[in-house]
Every structure is written in structure tokens, then in C-alpha cells.
Amino acid sequence: MTACVSLPATFTSIPSKSSHSSRPRLSSSPQSLTKHPNFELLKNRLIRLADNGHLERAVSTLDFMQQQGVPPDLLTYSVLLRSCIRTHRFDHGKRIHACLLESGLELDTVVLNTLITLYSKCGDLDKANEIFREMGDKRGLVSWSAMISGYVRNGKEFEAIKSFYGMLESGECPNQYCYSSVIQACSNKKYAWIGKLIFGSTLKTGYFGSDVCVGCALIDLFAKIDDMVSSRKVFTQMPERNAVTWTLMITRCAQQGFAEDAINLYFDMELNGFPPDVFSLSGVISAATALESLHAGKYLHSRAIKARLASDICVGCCLVDLYAKCEGSIDDAGKVFYRMPQHNVMSWTAMITGYVQSGRDKEAIELFFDMINEGNVRPNHFTFSSLLKACANLSDVNMGQQIYAHVVKHSLDSVNFVGNSFIGMYARSGRLEEARKAFDLLLEKSLVSYDVIVDGYIKNSRSEEAFGVYHQIEREGSGISAFTFASLLSAAASISALGKGQQLHGRILKAGLESDTGVSNSLISMYSRCGAIEDACQVFNNMDKRNVISWTSMITGFAKHGYAERALDLFSEMVASGTKPNEVTYIAVLSACSHVGMVEEGRGHFYSMRKLHGIVPKMEHYACMVDLLGRSGFLKEAYEFIATMPFKEDALVWRTLLGACRIHGDMDLGEIAAKRILELDQHDPSAYVLLSNLYASRNQWDEVAAIRKNMKERQLTKEGGCSWIEVNSVVHKFYVGDTSHPRAKEIFLKLDEMASKIKGMGYVPDKNFILYEVEEEQKEQYLFQHSEKIAVAFGLISSSVSAPIRIFKNLRVCGDCHNAIKFISVASGREIIIRDSNRFHHFKNGICSCGDYW
């Protein structure tokens, strides 16, 4: 509701609590002068039954009294109505109200207030309001309080606040119950400013300092409007605190992300002599879970055991969740779970989710069927969401379909995020058609739904379809999340579609998401991977907040583009800023050193990563060092370095060494490296290809033929060279000798023209890069059919003269193409940027950014 609240002129007119009127008493019934002889006996019996919780028997006694002509008085009806409210038997309450109206008794304030409470608690606010309006002069503080609390209970915050102001205007001064209720209404952020005014009123009237309930309501108010500083101030300034106050403060700190404060408050609570209860323990264990602090969790577990609360179902659920989320403690979670005397859906779901998060997906599914077989607990949407993730992790679509049958059986198929998990399961299993069907069948698609299907397309290398979903989101005006933008930027980078990435950047600015750190990190990655390193640098420089991913993405970008000094300078700046590097940062730093042959700098960083930052080198770091040493010609040292590794080397390390042997023509060491690769994986085609190329570079064609025969027998295929270029948001792919392009004739005419020009400038084709045994006159022709040269020629005839030509290749650019493109950059006056499988090459005015070191 958007109507404005009419505030009273001031709160100063509210009397202090010492001037509050006393509670109205029950009036005498007109029938009290001529009571039936059995009246007191039956009345006392009815009241005793109602007070002891035997409502059905009390109502039967009421029926008996009416049948015997013994009319009940107002006190009897009042006791019965309160019992109905207490036991939530509102149907009986309405029936008693009907009897009361038939009795002809004049209803007093107490009974009317009780009826207001009855109807507000059963959700019939219209009836409660009708009774309140008809009270007229009988309305008092209790009546107003009943209406205010009724509105709050039914989510009618504005009406509650409006009634509070109406009470003030009528001359009533609020008591602790009114204050507590109206403060609760102000917990809606829209009315937070009113809550602060009412806080001032509690200070003036003395209720803040004298009533714990009011203090608790204020703590809750500030916590719910994300003002934990004020919440803590209220707590600190309260002259009296009870166990409820401490528990509330602990719980709210845990819920609002102040986990450390919650744990410290718990210790303070114990020091102040308040023993833990199930609520305080549940709250503080949740805080330990948020911190993934196993040490604190185990201490709290011991406190729960000592307080004999470990078997409580709420505490047990929190302990299961704690151990499940702390790395390596899933078995302890199982111990807690199986020791629980009874389970609810929360405990089952916590254990199932824990198994999934720990990678024990089969056990999660087995536990679900145990849950179903017990039959006394109904799974909820969280249970099914975790189970579908387990099926996705196992790529077990059949089991996922069985689980989803249970989802339908429990009527949870309309729950959005269960549907999202179902889509995710299909997508992660590579079943994109089924994923799309599940997506299209969703009744309501949330941003998460779009995120899941977009992410599924991208992870299955179907970027164009991901962009199709993106355009659908735009058409429907559903709004796009930061996650979707990050995923699409990754897709644009994966196909080197700079134009699409720039369009997305424009949409990000329009959506006001440029300040999102994750989105900015994705922009840095996209621009650097698409060859626009200066644009990536501009995004990085414009960021207000940077995390380790921001720094690492930029360092990686500089490294890939061959700007080693800029990468290392930025690394020093990162450390100076107080941001701790991670394992990936050091891979980027070592790669930067490798790309320019900075051997000593690389050694220094490798041996300091553990000493300075406690990062233990992994296989990837050793591979970077082998690459650095190998590319620099220190092949023997690289080989010996592999022997110093503290764990068994993998194929990546030996492939790196074999690549270096290919560059430097070391046949003996190359054969050793290839043999080691094939010992680890007989079906690794890269080992055969690299060794074949090594033999071909030495004109050992018999060995080349033998390797190719071996590959054919093993049904292994060499990855074909492919280059691509984006022009006007369309990606054009080219293969060796490709004549399939619609503009093939123009492309090859341009190639011939450029070949003639660069030969006149001194270019000499390097026929050593022909790795096939062919006639000499054919070698030059083959060289000019390499995919990167074809792509460059297409770029020259189809792109603006002022724009750089950006080419992307799936394999390492060959030496002849590298040399030829240096000449083409001079002949055409164009900047040409090529990204191969290892790095970027920026060709301009006959010079490459790599310094011919790659």
C-alpha cells in the first residue's frame, strides 16, 4: 500500500506508563441476580476443563448448561473464548460467539477484546475490525493493542501503523504490547523511518529502559532493515537482558552475516550466567557453519551434549549441517544424523545436501530412498533440488527422471528452483534438447532459470544458442542477472566474438551493473581473450573494488599478450595493496615469465610462492617452470627439474617438455618425453603429433610415416588447424586450403597480391615448416594455404582500414606464418593480432609483440 501515514504532531503528548488506566473488569450479568441452583457447580466444572486444556469437554458442558436451562455468564464465555484462542480451535470460538449473541448478554470490554483477538488470529480481520468499530466508547488500550497485533500477525503493516496513530489521536497512551507490535510492523524497510520515530517515543515514555519485550522488538527491527550497528547499540544499552534477548541477538547476527559476532555473543551469554537453550545453540552453530569453523563447531557440539540438547531435532539438524559443510567432516555429520532419535525433513535434507556437496552423490540418493521407505517424513523442494544436483554430478539422467517423478508425486513440480535443478541436471549431462524442453515447460521462468539454461549451453560449447536465450530475455523484458552477463561474456570470449562482447558491455552499462565485481572480472577476461588488452586494462582501472580474481585476470591478460613486465609490475602492486595471491595468480606470473624467457625472475617467484604466501606448488606450477626452462633452451635442466617434483608427473608436464624439444630440435629428449606421455595415456594424440613434427623437422620421413600408421591403427586423429575471424558480429572459420567461403575467389586473389608484395620486401618462404614429404615446388603453395594466412587475407578485404585485424587459431602459429604476417603488417599498414593456442601476437610495422620468442 502506498498511502501516506498521517503522523501525530509529536510524541511528547504520550503520558508516562505510570498514568496508564487499569484493565477494565467484567461487568455483572443481568442474570446474576437469579442464578440457577446448579449454576456455580457447572460453571466451575466448565472453567476447570477449559483451563486444563479439555476444550471439547468444556464445550460439551456449555451445551449441557444450555439444554438444562442454566444460562452461562460472561465470565464463562470469556474463559471458553480464551481457551479456543490458546488451542487454535477457532471453529469452536466462532460457535461460542454465536451462542453469546443468542444469549442476549450485554458484551463488556473484556469479551469484545477477546473476540477481536479470536478473529484476528484466525485471519478474519474484517470481522475483528467490525467488532472493534462497534465497541464505540468501550474501546480501550487493550482493544487498540489487539487490533494492532492482529494486523501485524496478518502481514498488514500499514494498517497496524495507521491504527497505532489512531490510538494516539484517541488519547490512549501505548503500553509495552502496543510498542512491541507496531515496532514489528516497522520491520518492513518501507516503514523503517517510522520505526525510528517510535524508538524515540519508547525512550521518552521509559519503556525502552524498563521492558525487555520492547528492547527485543527494537533489536529485531534494526536487524531486519540491515542496520546491525543500531541493533547492537540497542542490545548494549538495554539495562536488563534475559535469555530471549541474548538468543535473539545471536540469531540475528548469524542470519545477517555477522557470524563471528554471533559466536562472541554466545560466549558472553554464557559468561553472564545464561545457560544455552535449543534456540541459542541452533543460532550459534549456524554461525560456526557459515564460517566453516570446525573448531568452534566441535566446542558448541560439546556444549550441546553437556546441556543435554544434542538430541533435540533443531540442534541436531544444525550439527549435521555444520559437519556436512566443513571440509572432510561428512562422516561426522553422518554420526550425528544416525544418533538423532527422530528426524524431520530438515535433518534428512541437511544430510543429503552434505553428501552432494562432498561429492558422495550415490550415498545422497541412497539416503533419499531410506527417507522414502521410512514414510513418515515428506521431502521438500530443497531435498529434491539437492538430489537432482547429485544426478547431474553423476550424469545419471535415468535416476534424475525417477527423482523427478517423486517431485511430481509430491506436487512440487511447479516450484521454480526444483525445475531449475531439473534443467541443470540435463544440461550438465550434455542433454541440451531435454534441458531446453524442461526450460520451456516452466510455468514461471525466473532469472535463475535463464541463468541455468544459458550456462548449460555455454558449458556445452553452444554459444550461439546461449545468445539466442539472451535475446529472448531481452524481448520478454525479464531483466538479466549479473550471472547471466558473466556467462555470456565467457561465451563471447570462447568464440572470440569481440563484437558480441562489446554489445554486452553496452547492455551492462545500461543495466547499471558495471560496479558488480564479478561482471567487471568477466569483462576483463573477455577483452583480454578477444585481443583487446587495453580495453581490459581500462575496465580494471575503472573498478572501485577489486578482488583476487580481478588482479589475477588482468595479470593473466598481460601474460597472454606477452607484456611480462606489466604483468609482474601489476603483481607487485597487487601484493602491496594487501590482496593475497592464490594458486592461479602464480600460474599467470610464471606464464608471463615463460612467454618472454625471464628465467631468473620465474625461478624467484616459483621458490617464493610457498615462503611468502604459503602456496604449495601444484602440477600446473611445475609445468610452467618446465615450459620456462624448456623454451629458454635449458632442456636438460627442465628434464632434471621434473625429477625433483614431489609427486608423480602427469602427461601435461611431459607434453610441455616435448613441445620445447620440438622448438629446439632435441630428438633424444623428445623421444623420452613422448615415451613417458604414452606410458601415462596411450591414446593421447598430442604426443604422436609433436613427435611426428619433430621427426619431420629433421626430414626423417620414415619415422613420420610409422607414427602416422600407428595413429591410424589406434584410430587417433590429429586436430586440424582452424583459424577464425569476427566481422560485423559474424564469425568466419577457415581451414587449411579452404575454398568453401562465399568470397573464396577474392580471398585467394588478395593472398596472391600480398605474397607478391612481401616477397618484394624480402620475405622468403621457410619450407622447413612443411611437415609433409612433397615436391619442393608444392611446398610454397602449401605454406600459403595455412588457415591463418587465409583468415588474414579475408580480414584485409572485409574490415575497416582503421580497425585491427583479430585472428584466432586453435593451434600454435607456424614460424613461416609468423614471419609472413610481420611483412603483411608493413605492406598493408594494418595492425594484425593473432591468438594461437599459447598466446597473443600483436603484429605492427613488421614487429611482433612476442619478440619472435614463442
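Rules used throughout
- Residues numbered from 1 in each chain as written.
- Predicted model: local features only at pLDDT ≥ 70, side-chain atom pairs only at ≥ 80, totals over all residues.
- Heavy atoms only, no water.
- Helix = DSSP H or I, 4+ residues; strand = E, 2+ residues; numbered from the N terminus.
- Salt bridge = Lys/Arg side-chain N within 4 Å of Asp/Glu carboxyl O.
- Buried < 20%, exposed > 50% of the residue type's maximum accessible area, 1.4 Å probe, protein only.
- Expected span 1.5 Å × (residues − 1).
- Arc of directions from axis to C-beta.
- Contact = heavy atoms within 4.5 Å.
- Pairing = 2+ DSSP bridges.
- Axes fitted to C-alpha atoms, helices over the stretch in contact; angles between N-to-C directions.
- Core = buried A, V, L, I, M, F, W, Y, C linked by side-chain atoms within 4.5 Å.
- UniProt positions renumbered as here; feature names shortened; annotations may be inferred.

1. Details of unusual backbone geometry
Thought 1: Although it is not a glycine, Asp226 sits at a positive phi angle of roughly 60 degrees.
Thought 2: For Ser395, which is not glycine, the phi torsion reads 55 degrees and is therefore positive.
Thought 3: Note on placement: Ser395 falls in the loop between helix H22 (381–394) and helix H23 (397–409).

2. Let's talk about the pattern of salt bridges
Thought 1: Under the counting rule described, the total for this entry stands at 30 salt bridges.
Thought 2: A salt bridge links Glu56 to Arg89; the shortest N-O distance between them is 2.8 Å. On the criterion of sequence distance, the pair formed by Glu56 in helix H2 (residues 55–67) and Arg89 in the loop between helix H3 (74–86) and helix H4 (90–103) is long-range, its members being 33 residues apart.
Thought 3: Classification of Glu56 by relative accessible area gives partly exposed; the value is 41%.
Thought 4: Linking Glu746 and Arg743 is a salt bridge whose minimum nitrogen-to-oxygen distance equals 3.0 Å.
Thought 5: Look at Arg743 and you get partly exposed, because its relative accessible area is 27%.
Thought 6: Each member of the salt-bridge network shares a partner with another, and the members are Glu56, Arg89 and Asp91.

3. With respect to helix H1 (residues 39–51)
Thought 1: For H1, with 13 residues, the first-to-last C-alpha span of 18 Å sits near the 18 Å given by 1.5 Å per residue.
Thought 2: Regarding H1, the residues found buried are Phe39, Leu42, Lys43, Leu46, Ile47, Leu49 and Ala50. The arc that holds every buried residue of H1, seen down its axis, measures 165 degrees, which confines them to one face. Facing away from the buried side of H1 by more than 90 degrees, the exposed set consists of Leu41 and Asp51.
Thought 3: For H1, the elements touching its buried residues are H2 and H3.
Thought 4: Positioned one or two residues after H1, Gly53 has a phi angle of 85 degrees, which is positive.

4. A short note on helix H34 (residues 583–596)
Thought 1: Look at H34: 21 Å from first C-alpha to last across 14 residues, which is about the 20 Å you get at 1.5 Å a residue.
Thought 2: Looking at H34, one finds that the buried residues are Thr585, Tyr586, Ala588, Val589, Leu590, Ser591, Ala592, Cys593, Ser594 and His595.
Thought 3: Summarising the contacts, the buried residues of H34 are in contact with helix H32 (548–560), helix H33 (564–576), helix H35 (599–613) and helix H36 (619–631).
Thought 4: Phi for Gly597, located one or two positions after H34, is positive at around 75 degrees.

5. Re the sheet that holds strand E5 (residues 840–844)
Thought 1: Taken in spatial order, the six strands line up as E2-E1-E3-E4-E5-E6 in an open sheet, and their pairing is mixed. Edge positions in the sheet fall to strand E2 (730–735) and strand E6 (847–848), since each of these pairs with one other strand and no more.
Thought 2: Pairing of strand E1 (residues 722–727) with strand E3 (residues 805–809) involves two bridges; the strand directions are antiparallel. Bridge pairing links Ser723 to Lys809 in E3.
Thought 3: Of the strands in this sheet, strand E4 (832–835), E5 and E6 touch helix H45 (residues 815–828), which is tilted by about 35 degrees from E5.

6. A short note on the nonpolar core
Thought 1: Grouped together as the largest cluster of nonpolar side chains are 244 residues, with contacts concentrated most on Leu80, Phe164, Ile183, Ile285, Met526, Met554 and Leu657.
Thought 2: Residues within four places of Leu657 in sequence aside, it is in contact with Val626, Leu635, Ala638, Tyr639, Ile642, Leu669 and Ala673.
Thought 3: Formed by 31 residues, the second largest nonpolar core is a distinct cluster that contains Phe784, Ile790, Ile807 and Ile832.

7. Considering the UniProt feature "repeat: PPR" (unreviewed entry) in the protein chain
Thought 1: When the UniProt feature table is mapped onto this chain numbering, "repeat: PPR" (unreviewed entry) sits at residues 73–107, 108–138, 140–174, 242–276, 344–379, 446–480, 516–546 and 547–581.
Thought 2: Helix and strand shares over residues 344–379 are 75% and 0% respectively, and the end C-alpha atoms of the span are 9 Å apart.
Thought 3: Secondary structure over residues 547–581 splits into 74% helix and 0% strand, and the C-alpha atoms at its two ends are 10 Å apart.

8. Here we look at the environment of Phe90
Thought 1: If you trace the backbone, Phe90 turns up in helix H4.
Thought 2: Here the alpha-carbon distance between Phe90 and Ser515, two residues 425 residues apart in the chain, equals 53 Å.
Thought 3: With residues near it in sequence (within four places) discarded, Phe90 still touches Cys84, Ile85, Leu118, Lys121 and Cys122.

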